[in-house]
Amino acid sequence: MLRRLSADDSRFRTVDFRPEVNLLVADTTETSTDEDSRNSTGKSSLIELLHFLLGARADAKSLPMRKALRRTAFILELDWSETPDRRLAVTRSGTRPEVVRLNHDIDPDHDVLFDMDGPVDVPNSRWQQLIDRELFGLRADHQGLSGRAMLGFLIRRVSSHSFNQATRTHNQQSEADAAANLAYLLGLDWKLAAGYREIAAREATRRQLRQAVSDPVWGRIVGNTADLRGQITLAEDELRRIRQQIAEFRVVPQYEELQRRADDIDHRIRALNSQDAIDLRNLGDLKAAVEETVDTAVRYLEPVYRELDILLGEQVRRRFDDVRGFHESIVHNRRRYLADEIHATEVALTERKTERARLGTELQEVLRILADGGALDALTALQQALAHKQAAVQALRHRYDAAQTLESSALEIKAKKVELQQSLAADLGERRMQTEEATLLFSEFAQRLYGHGRSAYLAIEAGPSSLKITPRIDSDDSRGIGNMVIFCFDLTVAVLAHRHGRGPDFLVHDSHLFDGVDDRQLFAALTLARDVSAREGLQYIASLNSDDLAKIERRGFDASQMILSPRLTDAYEAGGLFGFRF
């Protein structure tokens with residue numbers, strides 16, 4: 001049960017709650033004008049603060065995160081199952097929204113050296129877990145359920161548009177998620193109801209993948225089974241070839257030395273070939289020089305002198321003979337020198353030919369050894385290539401599995417839906433006691449508002465996409481009737497959850513729930529809330545405008561013991577919940 005809402009700001013108007021019905025009334029003042037408004041008095045702010053102190057996620061748009069309130073620490077005091085004789089005080093502020101301060105340790109899993117009583121700071125996530133366990137009885141085996149989601153039905157928020165539909169607490173809440181939490185509160189098989197959430201997640205994933213396949217870029221990542229099957233075949237064939245190369249590979253210990261020897265032999269053969277080219281050119285020049293070397297002739301001088309009528313003496317002829325003999329000696333010596341050079345060159349050419357043949361044989365042997373085996377580095381490179389190819393093949397197989405799953409998922413999802421729907425329908429038949437209890441309670445509440453001639457019931461069925469829980473009251477579909485459907489449904493959920501130990505003992509309604517509601521139904525609703533609270537041991541908290549209160553008081557409703565202090569007003573500075581305007 002909620003006991004007190006306060007703050008460390010002295011301007012804040014502390015609200016003390018009592019058992020059963022609590023009415024937070026917003027008045028107009030005697031000096032109010034048309035420009036004053038009770039929409040800013042703090043009625044909805046009370047709801048926001050309760051959620052904030054009961055573990056709601058705080059973002060930049062949250063009320064306590066506003067600049068004027070960020071440094072204010074708000075405190076909620078409530079009864080706690082672990083401390084029946086003492087109140088639990090929960091403190092939280094916008095400066096450290098991730099931390100909640102408790103006035104004493106209530107965590108049974110919190111190991112402490114000494115049993116010390118005093119304030120303890122816990123992460124908000126842990127505070128949410130404690131709420132799950134202590135207020136709603138959720139344990140580790142309740143995967144997918146959330147106390148925070150269930151609080152949305154017990155304390156509806158205008159900011160989340162939770163008054164738009166009875167079976168959802170905010171616009172973004174999935175039908176399957178809301179149904180699973182409602183199933184738990186009503187005592188139905190929440191696990192079957194939660195199964196729809198898994199199917200919905202698979203459908204959402206499938207839609208995204210289908211869109212990806214249609215995209216020209218992402219399509220190459222996802223692919224289709226036909227293309228991927230061919231790619232896998234080619235990749236696996238290449239993988240087999242690499243494995244065969246590794247199996248046949250022989251490591252040569254002197255691989256690097258043999259490689260250097262092969263390079264040296266190749267360089268030597270190239271050098272011999274170059275030397276042969278030079279010697280062959282020189283050999284040609286030597287042979288040409290031999291042909292050009294002839295005997296020196298001096299007899300041509302005699303005809304020349306004779307023509308000149310000069311008769312050479314015998315002594316001059318002897319001189320000519322000496323010169324000729326000298327020249328013949330030179331020619332003979334040159335021919336002998338050239339013949340020696342030719343012979344030496346030809347011998348060198350023959351020797352190099354022999355050397356070249358020997359080197360060629362050796363090179364062939366070295367290359368054969370290198371061709372038959374390889375170095376350890378080469379084997380390592382092959383093994384790395386094998387690992388890369390194995391990873392590539394595995395990635396292709398994963399893509400193939402994903403593509404195959406995507407292509408077959410439509411039928412699987414449809415089959416799963418049918419199976420789940422059948423299982424849930426069978427379970428609802430077995431839980432007839434729970435469904436009848438909920439339906440009869442809702443009908444009782446609706447007939448208290450609209451009379452016994454009005455047909456009202458809960459339609460609970462296994463739908464194709466979720467557990468369907470539909471509250472129905474025969475009406476003209478007016479806004480006021482729709483809000484009273486939510487009122488009766490929330491009261492039904494709160495009573496059943498508390499009655500069977502699956503929820504806390506409080507229900508809170510914002511004044512927006514009563515917008516457009518006829519004063520007769522408002523009178524009946526608050527009378528019903530008073531009677532049910534007393535009968536079931538519930539605490540009912542509602543905010544109300546003073547003119548609506550006046551209407552039901554004229555009908556005989558006695559609210560004197562229900563009105564909370566302080567009464568809020570539209571006085572600009574101090575009349576609201578926070579004691580100042582911001």
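Before reading on, note that the structure itself is shown above.
The structure reproduced in this document is the subject of the present report. Being a predicted model, the structure only gives us computed values, none of them experimental. (Residues numbered from 1 in each chain as written. Predicted model: local features only at pLDDT ≥ 70, side-chain atom pairs only at ≥ 80, totals over all residues. Heavy atoms only, no water.)

Moving on to helix H3 (residues 147–154). With eight of eight residues buried, H3 is to be regarded as a mostly interior element. Inspection of H3 places Gly-147, Arg-148, Ala-149, Met-150, Leu-151, Gly-152, Phe-153 and Leu-154 among the buried residues, and these make up the whole buried set. For H3, the capping residue at the N-terminal end is Ser-146, with a side-chain oxygen 3.2 Å from the backbone nitrogen of Arg-148. (Buried < 20%, exposed > 50% of the residue type's maximum accessible area, 1.4 Å probe, protein only. Helix = DSSP H or I, 4+ residues; strand = E, 2+ residues; numbered from the N terminus. Polar contact = N/O pair within 3.5 Å; in protein donor to acceptor, adjacent residues only side chain to side chain.)

Here the structure, examined in full by the defined rule, presents six aromatic pairs. Seen in terms of ring centroids, Phe-487 and Tyr-540 are 6.1 Å apart; in terms of plane orientation they differ by 85°. Their pairing is edge-to-face. Of this pair, Phe-487 sits in helix H13 (residues 479–499) while Tyr-540 sits in strand E11 (residues 539–545), placing them 53 residues apart in sequence. Considered together, Phe-487 and Tyr-540 belong to a single accessibility category, that of buried residues. Note on Phe-523 and Phe-557: the rings are 6.1 Å apart at their centroids and 85° apart in plane angle, and the pair reads as edge-to-face. Of this pair, Phe-523 sits in helix H14 (residues 519–536) while Phe-557 sits in the loop between helix H15 (546–554) and strand E12 (568–569), and the two are 34 residues apart along the sequence. For Phe-523, a relative accessible area of 23% translates into the label partly exposed. An aromatic cluster is present here, built from Phe-12, Phe-74 and Phe-578 joined pairwise through their rings. (Phe/Tyr/Trp six-rings, centres within 6.5 Å; stacked < 30°, edge-to-face > 60°.)

What follows covers the pattern of salt bridges. Tallied over the entire structure, the rule returns 33 salt bridges. The residue Arg-535 makes a salt bridge to Glu-444 at a minimum N-O spacing of 3.1 Å. Highlighted residues: Arg-535 in helix H14 and Glu-444 in helix H12 (residues 432–450), separated in sequence by 91 residues. We classify Arg-535 as partly exposed; its relative accessible area is 45%. Owing to a relative accessible area of 29%, Glu-444 belongs among the partly exposed residues under this scheme. The network of salt bridges with common partners includes Glu-437, Glu-444, Arg-499, Arg-535 and Glu-536. (Salt bridge = Lys/Arg side-chain N within 4 Å of Asp/Glu carboxyl O.)

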